[in-house]
Amino acid sequence: MDRPNYITPAGYAVLSAEYRQLLGDERPKLVDVISWAAGNGDRSENGDYIYGRKRLREIDRRLGFLARRMKAAKVVDPAAQPDRTRVWFGATVTIADEDDDHRTLMLVGDDETDAAAGRIGWNAPIARALRGAGIGDVRRVSLPAGEREYEVMAISYPNREPSLADG
């Protein structure tokens, strides 16, 4: 992987929880079912055995994918962003297009995207165009539907939780 896999702490926790659930819960139960089914004789017509092996391969592929993503992950806490006047990773940005339609987006890791919730991946075209922008800046974005211009209307970041070091 040539670029870092930026991810929020919450996003990393989701990946980690899925990994632990698959490895510690679902996979061992499936191995038990496969072992039981294998002991029932003819495996060629044994649905539990055939489905179990197929599902086990899917789980193992997903575990490998999650392990690679977590290994490459660079956890970045948006609340710790020192420059809150510009759009960086973890920013919640309100933009307006040429028709004065407003949208609010949060720039998150590529593993955390949810377009319906306004969570846009860090490497998405619109996120790349907005990087480093300040309030009032206009950015041109090449989208499949054509080029659009967006003006940055507002930028916010989550508040940092006070720590014991803060006194």
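Anyway, here's the lowdown on the structure attached to this text. (Residues numbered from 1 in each chain as written. Predicted model: local features only at pLDDT ≥ 70, side-chain atom pairs only at ≥ 80, totals over all residues. Heavy atoms only, no water.)

1. Comments concerning the environment of Gly24
Worth spelling out the cut-off: We count a stretch as a helix when DSSP gives it H or I for four or more residues in a row; a strand needs E for two or more, and each element gets its number in order from the N terminus. Each residue's exposure class comes from its accessible area (1.4 Å probe, protein chains only) as a fraction of the maximum for that residue type: buried when under 20%, exposed when over 50%, partly exposed otherwise.
If you trace the backbone, Gly24 turns up in helix 1 (residues 9-38). Of the residues examined, Gly24 reaches a relative accessible area of 57% and is grouped as exposed. When the C-alpha atoms of Gly24 and Ala116 are compared, they prove to be 31 Å apart, with 92 residues separating the residues in sequence.

2. Describing helix 1
Rules: Multiplying one less than the number of residues by 1.5 Å gives the expected span of a helix. Across the chain, bend at a residue is computed as the angle between axes fitted to the seven residues ending at that point and the seven starting from it. Residues are treated as being in contact if the distance between any of their heavy atoms lies within 4.5 Å.
Taking 1.5 Å of rise per residue, the 30 residues of helix 1 would be expected to cover 44 Å, and the 42 Å separating its terminal C-alpha atoms lies within 8% of that figure. Its maximal kink placed at Leu22, helix 1 deviates by approximately 35°. Buried within helix 1 we find Gly11, Leu15, Ser16, Leu22, Leu30, Ile34, Ala37 and Ala38. Turning to helix 1, the residues buried within the fold contact strand 1 (5-7) and helix 2 (47-72).

3. Section: the packing of aromatic side chains
Centre-to-centre distance and the angle between the planes together describe a pair of aromatic rings. Condition: Planes of paired rings set the category: under 30 degrees apart is stacked, over 60 is edge-to-face and the rest tilted, where pairs are Phe, Tyr or Trp rings (Trp by its six-membered ring) whose centres lie within 6.5 Å.
Under the criterion given, the structure shown has three aromatic pairs. Consider the rings of Tyr6 and Phe89, whose centres lie 5.9 Å apart with planes at 40°: the pair is tilted. Of the two residues, Tyr6 is situated in strand 1 and Phe89 in the loop between strand 2 (73-75) and strand 3 (92-96); the sequence distance between them amounts to 83 residues. You can call Tyr6 partly exposed: its relative accessible area is 25%. Among the aromatic residues, those joined into a cluster by ring pairs are Tyr6, Phe89 and Trp122.

Shape is all these values report; function is a separate question.
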